[in-house]
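Residues per chain are reported as follows:
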Amino acid sequence: MSSQPLVWFDIGSLSDIPVRGARRVDIEGDTVAIFRTASDDVYAISDRCPHQGGPLSQGIVHGDCVTCPLHNWVISLKDGSAQGADQGQTRHYPLKMEDDRLKLGLESCAVQESVSA
Ligand code: FES
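The structure reproduced in this document is the subject of the present report. These figures come from a predicted structure and were not determined experimentally. (Residues numbered from 1 in each chain as written. Predicted model: local features only at pLDDT ≥ 70, side-chain atom pairs only at ≥ 80, totals over all residues.)

Once that is clear, we can look at the overall build of the protein. Regarding its fold elements, the protein presents 1 helix and 10 strands. Listing the helices and strands of the protein from first to last along the sequence gives β-β-β-β-β-β-β-β-β-β-α. Within the protein, buried positions represent 26% of all 117 residues. For the protein, the proportion of contacts with a sequence separation of at least 24, taken over those separated by at least 6, is 44%. (Helix = DSSP H or I, 4+ residues; strand = E, 2+ residues; numbered from the N terminus. Buried ≥ 20, exposed ≤ 12 C-beta atoms within 10 Å, placed from the backbone. Contact = placed C-beta atoms within 7 Å.)

Quick look at the structure:
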């Protein structure tokens, strides 16, 4: 990760995401899966499994992990890393709650690139 300042984008509220489910947001040329756990923790990772690109947003959420629907790899929602013997990591995005709104953090240079594209 570089040290570029982050720009925070409003991506909705917690109630927009089903418990133990996910919602997809297309941003910065990536589809980001916003996950909500049973304990209402919220995480944002790329909706591409590090194995073969499976749609993690359609996986099963358990604890702070999601199981990919294609070949059952278990991916940490905290940092996008594959668990157990599997190797790989999908992109993880900073996320924060502000006044009941979820904000996704993107590097400002990346945002400028996507705006000008
Ligand atoms: S694509 Fe996710 S486990 Fe294979």
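Let us now look at the pairing of strand 2 (residues 21-27). Summarising the sheet, strand 2 and strand 3 (residues 30-36) pair through 7 bridges and their orientation is antiparallel. For Val 25, the partnering residue across the bridge sits in strand 3 and is Val 32. In sequence, strand 2 turns back onto strand 3 through a hairpin of 2 residues, with Glu 28 there showing a positive phi of about 55 degrees. (Pairing = 2+ DSSP bridges.)

Right, let's talk about the environment of Leu 102 for a bit. If you trace the backbone, Leu 102 turns up in strand 10 (residues 101-107). With 60 residues separating them along the chain, Leu 102 and Val 42 place their C-alpha atoms 8.9 Å apart. When neighbours within four sequence positions are excluded, Leu 102 is seen to be in contact with Ile 11, Gly 12, Ser 13, Leu 14, Ile 34, Val 42, Leu 95 and Met 97.

Taken in spatial order, the 3 strands make up an open sheet running 1-10-9, and their pairing is antiparallel. Every interior strand has two partners, whereas the edge strands, strand 1 (6-10) and strand 9 (95-98), have only one. Each neighbouring strand pair of the sheet contributes to a mean axis angle of 35 degrees, computed without reference to strand direction. Two elements, strand 9 and strand 10, share 4 bridges in a ladder whose sense is antiparallel. If you follow Leu 95 over to strand 10, its bridge partner there is Leu 104. (Axes fitted to C-alpha atoms, helices over the stretch in contact; angles between N-to-C directions.)

On to the nonpolar core, then. Counting residues in each nonpolar core, the largest one holds 22 residues, and the members touching the most others are Val 32, Ala 33, Ile 34, Phe 35, Ala 44, Ile 45 and Leu 56. At the level of secondary structure, the elements contributing two or more residues to this core comprise strand 2, strand 3, strand 4 (42-46) and strand 10. Tallying contributions element by element places strand 3 first for this core, with 4 residues. Among all residues touching Val 32, those that are not within four sequence positions of it are Val 25, Ile 27, Ala 44, Ser 46, Asp 47, Tyr 93 and Leu 104. (Core = buried A, V, L, I, M, F, W, Y, C linked by C-beta atoms within 7 Å.)

Whenever strands of a sheet pair, they do so through backbone hydrogen bonds, lying parallel or antiparallel. With antiparallel pairing, the 3 strands of this open sheet are ordered in space as 5-6-7. The two strands at the open ends of the sheet, each matched to only one other strand, are strand 5 (60-62) and strand 7 (74-76). Across this sheet, the average inter-strand angle for adjacent strands is 30 degrees, counted without regard to direction.

A separate point is unusual backbone geometry. For residues that are not glycine, phi is negative in most cases, and the peptide bond is trans in most cases. A positive phi is found at Asp 99, a non-glycine position, where the angle reads about 55 degrees. One can find Asp 99 in the loop between strand 9 and strand 10. When the 7 C-beta atoms within 10 Å are taken as the criterion, Asp 99 is described as exposed.

Keep in mind that these numbers describe shape and distance, not what the molecule does.
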